[in-house]
Amino acid sequence: MTEKETRIAENISRMVPLLSEREKERLLAFAEGMAQMAELQHKAARADEREAG
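All of the points below concern the structure found in this document. Computed from a predicted structure; not experimentally measured. (Residues numbered from 1 in each chain as written. Predicted model: local features only at pLDDT ≥ 70, side-chain atom pairs only at ≥ 80, totals over all residues. Heavy atoms only, no water.)

## Re the overall build of the chain
For clarity, the cut-off: For the purposes of this entry, the term helix denotes a DSSP run of H or I that reaches at least four residues, the term strand denotes a run of E that reaches at least two, and both are numbered from the N terminus. For the radius of gyration, the atoms used are the C-alpha atoms, and the globule rule reads 2.2 Å times the number of residues raised to 0.38. To be clear on the numbers: accessible area is Shrake-Rupley with a 1.4 Å probe, and residue cover counts the displayed protein chains and nothing else. We score Asp and Glu as negative and Lys and Arg as positive, and we do not count His or the chain ends. Note on charges: their place is set at NZ of Lys, CZ of Arg, CG of Asp or CD of Glu.
What the chain contains, in helices and strands, is 2 helices and 0 strands. By the compact-globule yardstick of 10 Å for 53 residues, the chain is too spread out, its C-alpha radius of gyration being 16 Å. Projected onto the principal axes, the alpha-carbon positions of the chain cover approximately 50 × 25 × 10 Å. Of the roughly 5,000 Å² of accessible surface on the chain, 57% is carried by carbon and sulfur atoms. Averaging the locations of the 9 positively and 11 negatively charged side chains of the chain gives two centres separated by 3 Å.

Written out as structure tokens, the structure reads:
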């Protein structure tokens, strides 16, 4: 992992135990949405590269 990725993971790991169950549900939903969007953007970028190449 990059330094930035490590910092993100460390901050989240410190934060999660302090959250209420409702906040954990919100964070999980947000993170899952971000992961899904990142995957879609990554796939689209790869498809564009294949078309251009």
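## Section: the environment of N11
For clarity, the threshold we go by: Whenever two N or O atoms come within 3.5 Å, that pair is a polar contact, provided that in protein one can donate a hydrogen and the other can accept it, and provided that, for residues adjacent in sequence, both atoms are side-chain atoms.
Following the sequence through the fold, N11 ends up in helix 1 (residues 3-15). In sequence terms N11 and A38 are 27 residues apart; their C-alpha atoms lie 20 Å from each other. Within the structure, N11 has its side chain in polar contact with the side chain of R14 (distance 2.8 Å).

## Digging into a nonpolar patch on the surface
Going by this rule: Each patch is assembled from residues with relative accessible area greater than 30% and no salt bridge, linking like charges that lie within 9 Å and nonpolar side chains (Val, Leu, Ile, Met, Phe, Trp, Tyr) that lie within 5 Å. For salt bridges, the criterion is a side-chain nitrogen of Lys or Arg within 4 Å of an Asp or Glu carboxyl oxygen.
Where nonpolar side chains cluster on the molecular surface, the patch consists of I8, I12 and M15 and spans about 240 Å² of accessible area. The residue I12 is located in helix 1 in this model.

## Describing the pattern of salt bridges
Under the convention used in this document: Exposure categories follow from relative accessible area, calculated using a 1.4 Å probe and restricted to protein chains: below 20% of the type maximum is buried, above 50% is exposed, and the middle band is partly exposed.
Considering all chains together, one arrives at 1 salt bridge under this definition. K24 is the salt-bridge partner of E21, the closest N and O atoms lying 3.4 Å from each other. Of this pair, E21 and K24 both sit in helix 2 (residues 21-52), separated by 3 residues, roughly a single helical turn. When its relative accessible area of 57% is taken as the criterion, E21 is described as exposed.

## Looking at the environment of L27
Condition: Contact criterion: two residues are considered in contact whenever any of their non-hydrogen atoms come within 4.5 Å of each other.
Secondary-structure assignment places L27 in helix 2. Judged by relative accessible area, L27 falls into the partly exposed class, the value being 27%. Counting along the chain gives 15 residues from L27 to I12, while the straight-line C-alpha distance between them is 9.9 Å. Ignoring sequence-local partners within four residues, the contact set of L27 consists of M15, V16 and L19.

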